[in-house]
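# What the coordinates show
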Amino acid sequence: MNVLKFGGTSVANPENIRKTLAVVRTNSKDSNILVVVSAFGGVTDLLLKAADLASKRDEAYHTIFQEIELRHIDAVKALIPVTKQSAVLSGVKTRLNGLETLFEGAFLLSELSPKTADLIAGHGELLSSYIISETAKYSDLDAEYKDSRTLIITSDAYGKASVDFNETEKRITEFLKTNRAQVNILPGFVASTIDGNTTTLGRGGSDYTAAILASLVNANELQIWTDVSGMYTANPRIVKQAFPIKRISYREAMELSHFGAKVIYPPTIQPVLEKEIPIWIKNTFSPDDEGTLITNQPNGKNRPVKGISHIENIALITLEGSGMIGIPGVSKRFLEVFHQKNTNVIMITQASSEQSICVGVNQADADTIETAINEAFELEIVRKRIEPVQVEKDLAILALVGDRMKSHQGLSGKMFSALGKNNVNIRAIAQGASEKNISAVIAKTDVKKGLNILHEEFFEDRLKQLNLFITGVGNVGGKLLQQIKQQQSYLNEKLRLNIRVIALSNSRTMVFDEKGIALENWEALLEKGEKASPDVFLERTTNLNIRNSIFVDNTATDFISRKYSDYLRNSIGVVTCNKIACADEYENYEELQRLSRKYGGSFLYETNVGAGLPIIDTLNNLVASGDQVNKIQAVLSGSLNFVFNNFDDNTSFHDVVKQAQEEGYTEPDPKIDLSGVDVARKILILARESGYRLELSDINNESFLPEESLHTKDNDSFFKSLITHEASFNQLLANAKTNNCRLKYVAQFENGKANVGLQQIPEDHPFYDLQGSDNIVLFYTNRYSEQPLIIKGAGAGADVTASGIFADIIRIGKN
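What counts, and at which threshold
- Residues numbered from 1 in each chain as written.
- Predicted model: local features only at pLDDT ≥ 70, side-chain atom pairs only at ≥ 80, totals over all residues.
- Heavy atoms only, no water.
- Helix = DSSP H or I, 4+ residues; strand = E, 2+ residues; numbered from the N terminus.
- Rg over C-alpha atoms; globule rule 2.2 N^0.38 Å.
- Buried < 20%, exposed > 50% of the residue type's maximum accessible area, 1.4 Å probe, protein only.
- Contact = heavy atoms within 4.5 Å.
- Areas by Shrake-Rupley, 256 points an atom, 1.4 Å probe, with all protein chains shown as cover.
- Lys, Arg positive; Asp, Glu negative; His and termini not counted.
- Charge placed at Lys NZ, Arg CZ, Asp CG, Glu CD.
- Core = buried A, V, L, I, M, F, W, Y, C linked by side-chain atoms within 4.5 Å.
- Expected span 1.5 Å × (residues − 1).
- Arc of directions from axis to C-beta.
- Polar contact = N/O pair within 3.5 Å; in protein donor to acceptor, adjacent residues only side chain to side chain.
- Pairing = 2+ DSSP bridges.
- Axes fitted to C-alpha atoms, helices over the stretch in contact; angles between N-to-C directions.

### Let's talk about the overall build of the chain
On a plain count of helices and strands, the chain comes out with 30 helices and 29 strands. Compactness check: the chain gives a C-alpha radius of gyration of 36 Å against a globular reference of 28 Å for 815 residues, more than 25% above the reference. Each principal axis of the C-alpha atoms in the chain carries an extent, and together these give about 115 × 75 × 55 Å. Counting all 815 residues of the chain, 53% fall into the buried class. Long-range pairs, those at least 24 residues apart, make up 72% of the contacts in the chain between residues at least 6 apart in sequence. Surface accessibility of the chain: about 35,500 Å² in total, with carbon and sulfur atoms responsible for 46%. Side chains of the chain carry 87 positive and 101 negative charges; the gap between the two charge centres is 5 Å.

Structure representation (structure tokens):
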């Protein structure tokens, strides 16, 4: 014989009930079965709400009762053939009349006793089981209705009744002797006292009903049918990558159930555990899915961590003080308060110094417990030997569960490190000596992030998800999105990285999609987005609180760079080609480095110098390995190199600069490049990365632009000034030719000083043959004293800049 239990979603409506009976028909072909059903989905909550309103003399209970009544009558009409409905409707209305009488009594007395509450709460299962059993009879099933209250006998502790297993076993044995039906349908949740008063087995008690029956009839297996295909590695509604666990032990299932896995009710497993009866968790709506098998012999080859669960709405109660140290009985007195107030302790941890002890409880109990503990320790508090109890609310517990965790080293460290890297603060931890469970208390707002972090760490075969929030989608940003789309398969397969773009913004609009923006049509989505706001973009990014978040700045604007510190404080990495932040005042530059170290959010800006060339990374490696940078010579402006490589007797200076702007070699404002400010920022950044404290004002900038050009207000006037002063530019070119030299805009740093300016480069210099928009950097160090370390290559252009940003993103992913 097997026992099948169907939850509220499985019997929520006529369509689902038909699916339930299809499962029953399949399972009853080979053996007799007992079928336990819950109330229609949501009905128990409606019953309790109506009862509460009635006891407060609120006539709104009538409306809820009518909703309950209509729902059950409609179900009969949809499930039972018209010619057979009369008798069934009569049975339903009789039960509903009794329920209405109970509500009226609570209303008249302005009281709801635990005994009456149990009787009302159980009506959901009594109605559903009657309707389903009658439907089964008219569906050609050999089915009978059996009231669980005649079989399961409990104490009279209404609301939390305990089962009298001896009496219950006698009654079930007698029932089996006389039962001839192939299928018996029983209400879950309800039981009765020895003298016939209705009791309940607690919320979720339908599972317990099924387990009691399975244990006492020595069932071959207990099947729990629900709306998911088994117990999952994490809550699939929160962790999209969660998957069903094929096999799990009783103890692991109990741990996961205790910490919030709602597929089964925690006490369920105990009655069947003792007899080692297997439990299957199956999906009513996808009955062919394998589901989860709970047994005493789980597969030993499985992962050490079987699942991750959580409980929300936790309060942490902490008692501490020097008066606790070495004093026997303090913990006993502390915990006795919880017993006296009938409050469940979910988690407990105590410092080895004995100076503090804290427990996790349901937040709804926190205020009552706070008052009671302060009263219990009033004398010690007055004498200042113990502090008044501390209460922290809006917390949650995350728990790793697995029987085999004890045989694997470093799991706790791995868990805490993964959370810490993503700025998830751990308030308390608990781990039993058996190491079947490692629990951490965190802020409730971090639950989604925490679950996803841990699932990625322990279950996703090291496939790391990076979540990008990108501002600036012009030339560089557009190329970056194109490269990400092109490389997604490669990154998944070769680097085990899954890169998602969560948000995009330009100067006009912005768009967010927590599931990831489709890169095939990002332009159309952004066009329809909401009004852009850097402040709202920051707020939304922070509030989403997604793991491995990276803010990518493809702009050249100051007000965007001012937001970096806010992102870093929230452990959100920053990748930028915007040089303004790193060339800002030294204190601000150093503050960003400090925030990155403190909060674990990477701050990468390789493209600040040399676009996609590995200049900053190489420099950092030199410094980190103990080398000393003595001198830097460089051509750092791909734009200026492009301009002077293409400026000749046949082309005007104005036309070359215009071409450079149109082809994306210059900043949107080309004066930034031609004035030398951009190059000054770059040599400043290299000097700082070499360990020197310099400001932008310390850089000697010998600009070749006329004063009129330097002081123009917009691009149009700037380009007009280039035409006006064409003769001066032609003279620069002529002078260089006379000396058999080429014009290059050179940056140099030596002896703590830096300068930038236009120079005539002779034929024998490494800079002479620098072509196109290439950059070149010469590092003279203690190790490279005679022959410098040279880095050379394309130093401007949207493609190479985007590839440098992309490389920084990948670097974070591989970290």
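Resuming the write-up.
### Quick look at the nonpolar core
Counting residues in each nonpolar core, the largest one holds 72 residues, and the members touching the most others are Leu636, Phe653, Ile683, Leu686, Phe704 and Phe779. For this core, the element with the most residues is helix 26 (residues 677-689), which contributes 7 residues. When residues no more than four places from it in sequence are discounted, the contact partners of Phe704 are Leu640, Phe644, Phe653, Leu674, Phe729, Leu732, Tyr745 and Leu758. The next biggest cluster of nonpolar side chains, apart from the first, holds 48 residues, and it includes Ala39, Val92, Leu96 and Ile120.

### Examining helix 7 (residues 165-178)
Given a rise of 1.5 Å per residue, 14 residues ought to cover 20 Å, and the 20 Å separating the end C-alpha atoms of helix 7 matches this to within 8%. All buried positions along helix 7 are accounted for by Thr168, Ile172 and Phe175. In a view along the axis of helix 7, the buried residues occupy a sector of 60 degrees, so they form one face of it. Exposed residues lying more than 90 degrees from the buried face of helix 7 are Asn166, Lys170, Lys177 and Thr178. Elements that come into contact with the buried residues of helix 7 comprise strand 2 (33-37), strand 4 (183-187) and helix 8 (205-216). Here helix 7 starts with a cap whose side-chain oxygen sits 3.3 Å from the backbone nitrogen of Asn166, and that cap is Asp164.

### Points about the pairing of strand 27 (residues 753-761)
Each regular strand displays side chains that alternate between the two surfaces of the sheet. Here 3 bridges tie strand 25 (residues 700-702) to strand 27, and the two strands are oriented parallel to one another. Within strand 27, the residue paired with Asn701 across the bridge is Val756. Of the strand pairs in this sheet, strand 26 (residues 742-750) and strand 27 are connected by 9 bridges, and their pairing is antiparallel. Directly across from Phe749, in strand 27, lies its bridge partner Ala754. Between the end of strand 26 and the start of strand 27, which pair antiparallel, lie 2 residues, with Asn751 showing a positive phi angle near 55 degrees.

### As for the side chain of Thr509
Inspection of the secondary structure puts Thr509 in strand 19 (residues 509-512). In this structure the side chain of Thr509 is engaged in a polar contact, spanning 2.7 Å, whose partner is the backbone oxygen of Leu526. Contact partners of Thr509, with chain neighbours within four places excluded, come to Leu504, Leu526, Glu527, Gly529, Glu530, Lys531 and Ala532.

### Thoughts on the sheet that holds strand 14 (residues 390-401)
The antiparallel open sheet is built from 6 strands, whose spatial order is 12-13-11-14-16-15. The sheet is open, and its two borders are formed by strand 12 (345-350) and strand 15 (428-431), each paired with just one other strand. For this sheet, the mean angle separating the axes of adjacent strands, direction not counted, is 30 degrees. Each of strand 11 (307-320), strand 13 (356-362) and strand 14 touches helix 12 (residues 366-376); the most contacted strand, strand 11, lies at about 30 degrees to it. Running at roughly 125 degrees to strand 11, helix 15 (residues 447-459) makes contact with strand 11, strand 14 and strand 16 (437-443) of the sheet.

### Here's the deal with the environment of Ala430
With respect to the element layout, Ala430 can be found in strand 15. Judged by relative accessible area, which is 16%, Ala430 ranks as buried. Counting along the chain gives 240 residues from Ala430 to Pro670, while the straight-line C-alpha distance between them is 59 Å. Leaving out residues up to four positions away in the same chain, Ala430 has contacts with Met347, Ile348, Asn437, Ile438 and Ser439.

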